[in-house]
Amino acid sequence: MSDRSSDGLASNGRTTTWLATDASTVVLGVADASVRRSLESWFEDEAYDVRVAAPDDLPADGDLYVVDAGALRTAAPQIERWKAASSVFTPCLLVAEGSQGDRIAASTEQVLQVVDDVLETPLRTPSLKRRVDSLLRARVLATQLQERSREYERLVELLPIGLFVLDDAGTVTYANERAGSLVGVDAATVRGSAFSAFVQPADRDAVAAALDGDGSSTITVHLQCEDPPEAIGAADRVGLDTTGERTVELSVSVVEDDTTQVLAQDVTEREARIERLRVFERAVGEAGVGVSIADAQADDHPLVYVNDEFCSLTGYGRDAALGRNCRFIQGEDTDPRVVDEIRAALEVEAPVSVTIRNYRADGTPFWNELTITPVSDADGTVTHFLGFQRDVTERRERMRLFEHLHEATERLQGARTPTEVAESAVESLRNILELDVVVCWFPNDDRTRLEPVAVAGVDEAVPIESGSKDWTAFVDGANVTEVSVTDHETDAETGLVFSLGDHGLIGAADPEREYTQAVRDAGHAFADHVTVALDRAEREAELAATTADLENTLERIKDGFIALDADYDITFVNKQAESLLPYTADELEGRNLWEAFPSEVDGAFWTQYHEALETGESRTFEAHYDELDLWFEVTAYPSDDGLTLYFRDVTGQRERKRELERYETIVQTAGDPIYTLDEDGYFTSVNDAFVDLTGYERDDIVGEHARAIFPADDFEACERVISTLLSAAGPDRETVEVDVMTRYGDQRDCEVAIAPLPGEDFGGTVGVIRDLTEFKDNEQRLAVLDRVLRHNLRNNLNVVTGRTRALADHEDDAVRKSVEAVEEAASDVLEIANKARAFQQALEDAHSSLGTVEICAVARDVVDDVAAATERASVSCELESAASLRVRGNEAVELAIAELVENAVAHNPNADPSVRVTVSRSDGEARVVVADDAPLIPEQEVAVLESDVETPLEHASGLGLWLVRWTATTFGGQLAFDSTPEGNLVTFALPIVED
């Protein structure tokens, strides 16, 4: 960069090389020798390429021609030829004596038509510099506009969607290649035809309404290919759809008053599956971390990119962040040592990770977990710094606006329209001069008064009318003028207005400030910068309008879009593609695709893209991108210029498909009958177990109403359950007993668990059936047997014991001994029957009489009762917990503990048996351990009790331990057996109920 980097646009700290003019060629065709020498000296000092030529022999490759009045008539014909031959703006600056300036400006001579600006002598360096920079930048912008237009025209031709441009009569004035293929004719042939001629008659009214609208609209219509306009012959028809029509989505936008843009995307294949895909769609979220990129080659490393999360994290919009060094988010409590660490790393181009206290736009501080990584180009030169910001405190404060002229000028360069320049200027001038009110005025269309376009410090401002002192300052172009303030919302009596040349005025006022010379000079200097920015904004307006229209077209594409040339160099990346890939558009555009994604060389993407280019046929495929662990659906469209890639993330869709397949397998292999009903009660699916239960084949029952297997009363009960489930406070699922009628006419007793199908809207129910027929039959048989055994057995045993008492005094000893044995056996059976009845009654009442039991007290009472009832045994109780232990249960708990203790005494053959009862707390349970010194319980009997199943060959010897086990399981506990060298350990455990 030349020494001119300290002045003008190139000095804004952002290295705006796209507007650089210092390499421009300036041709001096000046007749006045002294003026020529002065100009030549100045241009050489400014590092321009200066060529001095005779007025009648000017070279044709000049970027700026400078002539004086003496050389104008001779040079004008040549300059006019060079202007006509050039496709971009070629400026001419006329140097005239001060006395001739007004006359020349008012002259209508034809020779003056080649002059673009007039500079009066004596020459003033600031004025000369401003005029020269303005003219050369206009040429640069014109060149860029031409190049950009050609580039976008090429991109539009590569679009995978059709583009029609219509005039106000609905006639096609332009159609790209894809548009022609959609209607089955060559694109060039479409032009000049009425757009409605390609639309099915039924859809023409909708198209007409969309074209007549003022804004943008999107409609889905059918294009016809069988009967194109008569003007289009059969030879021009290409790629006709055999169905005679295509379904397309039209996006209609009014570009200008007499021009309408129609984007047509073929959705014929997608239309059929759009409903299914909608069920499986999942929004792709934005990155959860702030990302920023700084220019490592520019002064002060300005930001050139920030993502949405960065803006959300900091509170700064993208326009406020770009072009600035990232230090703007530091504050008064930011640790300078951390800042020094960052600076030191950047100076040596090394990565750095720190946690730094930053500030958000609203002034709130937050801690920022910041990682900065240098990014190098192919030559190893660090070109950018990539930053990742993560909020680790909740939010941050924004730094106050910069207060210096240089920083304000940087913001001006970010403004792209005159209005944006004005808005930036008033805020910046208010901060620079620290004045109360700032207003910017632009001339109205007929230049009869100045209208306020931007204000700072007040809600609104008034226009400047012709004839006022303010107006005179505008007309005269006075640098600084102090004027009276009468109609503005301020107490100031006077204010300052600064000239913006032909663009208008910018003024400032403050009732408590003195307008010192320093204030006037600073305002004047800033106004010059604003004038330059307005010159640039006007030149950019045309470029911005064209760019916005074309970029809007490309960015409307909802899927990722990448354009490649024939060498696989990336020429365009839209925002959706940025969100799907691990790179930004700036990082990808200009790079070779396989250099950016080297891991994909020779992979699926490589193969498909090469086949598309080699065959000239589009390719649609799905492939996995390992780096992001994502599946993409890609369509590659080949052309003479390269490839257009159109892709979307289908990872979630594939995962949901696999998940549904897994669910289907689970349902089909489930042992219980399962079915689904739609919202009207018709079967939509059943599993194999359902087929086995009902006897209906799947094809026979699917589509039938649920009344085919459920009686009317039971179906109505199910409907009431569904209504309860759908209520706001309803449960997730509910079970109801029903009868199921099979295909063979028999009826099964069942219960069905019903739940709504998942989804925001009610779409039906799912049911799981449990066959209770055998269970209820067994339950009935057991009830009859229980009644018979309890009633008849007790009565008959009472008869036996009564009869044996009559023989107790029989004279025969053998008879007496037999009677005693019979009476003892009968008593044992009656005791077992009574014990079983007591347990059964307690367990049957477990739900109705369920409460809590203080198990320590119960254990002490049982031990006391057993000790009092036996003289030969030693029975003791030990409580390891001083606290009360309450468990779920009723009187069955006391019966169970008594059974264990009595059983330990009764089955101990020792002369002085010992039984020790211990109550303790462990892992949320109250454990009652009964330890004895009796022979060990047979392993076979323990195994039967622990397996919970008896067989004719493997069974327990009595009923007592079964009753204890059933009591434990009824109340959520367990019964366990163990042994020691001394004897048996039986543990009866129940869950503790906390207060």
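Predicted, not measured: the structure shown is a model, and the values here were computed from it. (Residues numbered from 1 in each chain as written. Predicted model: local features only at pLDDT ≥ 70, side-chain atom pairs only at ≥ 80, totals over all residues. Heavy atoms only, no water.)

Some thoughts on the overall build of the protein
Next up, step 1: When helices and strands are tallied, the protein shows 29 helices and 38 strands.
Next up, step 2: Restricting to contacts in the protein with at least 6 residues of sequence separation, those with at least 24 account for 55%.
Next up, step 3: Total accessible area on the protein is roughly 51,700 Å²; 47% of this is exposed by carbon and sulfur atoms. (Helix = DSSP H or I, 4+ residues; strand = E, 2+ residues; numbered from the N terminus. Contact = heavy atoms within 4.5 Å. Areas by Shrake-Rupley, 256 points an atom, 1.4 Å probe, with all protein chains shown as cover.)

Overview of the packing of aromatic side chains
Next up, step 1: For the coordinates displayed, the defined rule picks out 20 aromatic pairs.
Next up, step 2: Ring geometry for F597 against Y625: centres 5.8 Å apart, planes inclined by 75°, an arrangement best described as edge-to-face. Pair noted here: F597 is in the loop between α18 (593-596) and α19 (604-615) and Y625 is in strand β24 (residues 619-625), with a separation of 28 residues, a long-range link. Judged on exposure class, the residue F597 and its partner Y625 are both buried.
Next up, step 3: Ring-pair connections join several aromatic residues into one group, and the members of that group are Y568, W594, F605, W606, Y609 and F621.
Next up, step 4: Between the NZ or CZ atom of R591 and the centre of the ring of Y583, over which it lies, the distance is 5.9 Å.
Next up, step 5: Just above the ring of W631 sits the side chain of R654; from NZ or CZ to the centre is 3.5 Å. (Phe/Tyr/Trp six-rings, centres within 6.5 Å; stacked < 30°, edge-to-face > 60°. Buried < 20%, exposed > 50% of the residue type's maximum accessible area, 1.4 Å probe, protein only. Lys NZ or Arg CZ within 6 Å of the ring centre and 35° of its normal.)

A word on a negative patch on the surface
Next up, step 1: Together, D861, D864, D865, E891, E894 and E902 give the surface a local cluster of negative charge.
Next up, step 2: Going through the elements one at a time, α26 (855-869) and α27 (891-906) are the ones with two or more residues in the negative patch.
Next up, step 3: Counting through the fold element by element, D861 comes out in helix α26.
Next up, step 4: Looking at D861, the relative accessible area reads 42%, which means it is partly exposed. (Patch = residues over 30% accessible without salt bridge, like charges linked within 9 Å, V, L, I, M, F, W, Y side chains within 5 Å. Salt bridge = Lys/Arg side-chain N within 4 Å of Asp/Glu carboxyl O. Lys, Arg positive; Asp, Glu negative; His and termini not counted. Charge placed at Lys NZ, Arg CZ, Asp CG, Glu CD.)

Structural notes on helix α23 (residues 712-726)
Next up, step 1: Taking 1.5 Å of rise per residue, 15 residues should cover 21 Å, and α23 covers 21 Å from first to last C-alpha, within 8% of that figure.
Next up, step 2: Those residues of α23 lying buried are D714, F715, A717, C718, V721, I722 and L725. With its buried residues spanning 155° around the axis, α23 presents them on a single face. Residues of α23 that are exposed and angled more than 90 degrees away from the buried face: D713, R720 and S723.
Next up, step 3: Turning to α23, the residues buried within the fold contact β29 (734-741), β30 (747-756) and β31 (765-771). (Expected span 1.5 Å × (residues − 1). Arc of directions from axis to C-beta.)

Some words on the environment of R520
Next up, step 1: Take R520: it is sitting in helix α15 (residues 517-555).
Next up, step 2: Separated by 40 residues in sequence, R520 and V480 have C-alpha atoms that sit 6.8 Å apart.
Next up, step 3: With near-sequence residues (within four places) excluded, R520 lies in contact with V480, E482, L496, F498 and Y515.
Next up, step 4: In terms of polar contacts, R520 uses its side chain to reach the side chain of E482, at 2.6 Å. (Polar contact = N/O pair within 3.5 Å; in protein donor to acceptor, adjacent residues only side chain to side chain.)

A word on the nonpolar core
Nonpolar side chains tend toward joint burial in soluble globular proteins.
Next up, step 1: Counting residues in each nonpolar core, the largest one holds 38 residues, and the members touching the most others are I855, V875, V893, I897, V901 and F988.
Next up, step 2: In terms of residue count, the dominant contributor to this core is α27 (nine residues).
Next up, step 3: Those residues in contact with V901 that sit more than four places away from it in its chain are V862, V866, V875, V915, V917 and V930.
Next up, step 4: Core analysis: the second largest hydrophobic core is formed by 32 residues, V426, V438, A509 and Y515 among them. (Core = buried A, V, L, I, M, F, W, Y, C linked by side-chain atoms within 4.5 Å.)

So, unusual backbone geometry
Next up, step 1: At the junction of T121 and P122, the peptide bond is cis and its omega measures out at 5° in the coordinates.
Next up, step 2: In this structure, E349 takes a positive phi of about 55° despite not being glycine.
Next up, step 3: Following the sequence through the fold, E349 ends up in the loop between α11 (336-347) and β13 (352-359).
Next up, step 4: Unlike most non-glycine residues, D923 shows phi in positive territory, near 50°.
Next up, step 5: Structurally, the position occupied by D923 is in the loop between β35 (914-922) and β36 (925-932).

Quick notes on the environment of V426
Next up, step 1: Examined against the element boundaries, V426 turns out to sit in helix α13 (residues 418-433).
Next up, step 2: Sequence-wise, V426 and G507 are 81 residues apart; in three dimensions their C-alpha atoms are separated by 8.5 Å.
Next up, step 3: In this view, V426 contacts V438, V439, C440, A454, V455, A456 and I506; residues no more than four positions away in its chain are not counted.

Brief notes about the sheet that holds strand β22 (residues 560-565)
Sheet strands line up and pair through hydrogen bonds in the backbone, either parallel or antiparallel.
Next up, step 1: Spatially, β23-β22-β26-β25-β24 is the arrangement adopted by the five strands of the open sheet, whose pairing is antiparallel. The open sheet has two edge strands with one neighbour each: β23 (570-573) and β24. Pairs of neighbouring strands in the sheet enclose a mean axial angle of 25°, with direction left out of account.
Next up, step 2: Where β24 lies against strand β25 (residues 630-639), seven bridges are found, and the strand directions are antiparallel. Looking at β25, one finds that F621 is bridged to V634. (Pairing = 2+ DSSP bridges. Axes fitted to C-alpha atoms, helices over the stretch in contact; angles between N-to-C directions.)

Side note on the sheet that holds strand β7 (residues 172-175)
Next up, step 1: Taken in spatial order, the five strands line up as β7-β6-β10-β9-β8 in an open sheet, and their pairing is antiparallel. The sheet is open, and its two borders are formed by β7 and β8 (217-224), each paired with just one other strand. Neighbour-to-neighbour, the strand axes of the sheet open up by a mean angle of 30°, direction not taken into account.
Next up, step 2: Here eight bridges tie β8 to strand β9 (residues 245-256), and the two strands are oriented antiparallel to one another. Among the inter-strand pairings, T220 is bridged to a residue of β9, identified as E249.
Next up, step 3: Sitting on the sheet, helix α7 (residues 204-212) is in contact with β6 (162-167), β8, β9 and β10 (259-266), with an inclination near 140° to β8.

Quick notes on the pattern of salt bridges
Next up, step 1: The full count for this structure, using the stated rule, is 29 salt bridges.
Next up, step 2: Note that D391 and R360 form a salt bridge whose closest N and O atoms lie 3.4 Å from each other. In this pair, D391 is assigned in strand β15 (residues 382-391) and R360 in the loop between β13 and β14 (365-376), connecting sequence segments 31 residues apart. A single burial state applies to D391 and to R360, both of which are buried.

Quick look at the side chain of D63
Next up, step 1: Within the fold, D63 resides in the loop between β2 (49-52) and β3 (64-68).
Next up, step 2: What makes D63 buried here is its relative accessible area of 17%.
Next up, step 3: Among the polar contacts made by the side chain of D63, one reaches the main-chain amide nitrogen of T25 at a distance of 2.8 Å.
Next up, step 4: Within polar-contact distance, the side chain of D63 engages the side chain of R139 at 2.8 Å.
Next up, step 5: With near-sequence residues (within four places) excluded, D63 lies in contact with S24, T25, P91, L136 and R139.

Re the pairing of β14
Next up, step 1: Taken together, the eight bridges between β13 and β14 define a ladder with antiparallel strand orientation. Its bridge partner being in β14, Y359 is matched across the sheet by P365.
Next up, step 2: From the end of β13 to the start of β14, which pair antiparallel, there are five residues, and G363 there has a positive phi angle of about 95°.
Next up, step 3: In this structure, β14 lies alongside β15, joined through nine bridges in antiparallel fashion. Residue pairing across strands places P374 opposite F385, the latter belonging to β15.

What to know about α27
Next up, step 1: Here α27 contains 16 residues, and its C-alpha end-to-end distance of 22 Å stays within 8% of the 22 Å for a straight helix at 1.5 Å per residue.
Next up, step 2: The complete set of buried residues in α27 reads A892, V893, A896, I897, A898, E899, L900, V901, A904 and V905.
Next up, step 3: Its side-chain oxygen at 3.0 Å from the backbone nitrogen of A892, N890 defines the N-terminal cap of α27.

Quick look at the side chain of D932
Next up, step 1: Take D932: it is sitting in strand β36.
Next up, step 2: Summary of buried charges: D932 has no salt-bridge partner, and the nearest side chain of opposite charge, R916, is 9.4 Å away.
Next up, step 3: Within the structure, the side chain of D932 is placed 3.3 Å from the backbone nitrogen of A934, a separation counted as a polar contact.
Next up, step 4: A distance of 3.0 Å separates the side chain of D932 from the backbone nitrogen of N984, its partner in a polar contact.

Notes on the confidence of the model for the protein
Next up, step 1: Averaged over every residue, the pLDDT of the protein is 80; the share at 70 or more is 79%.
Next up, step 2: Here residues 226-243 is modelled with pLDDT under 50, and outside its nearest four sequence neighbours on either side it reaches 29 contacts, counting other chains as well.
Next up, step 3: Within the model, the stretch residues 279-285 combines pLDDT values under 50 with six contacts to residues more than four positions away or in other chains. (pLDDT = per-residue confidence, 0-100.)

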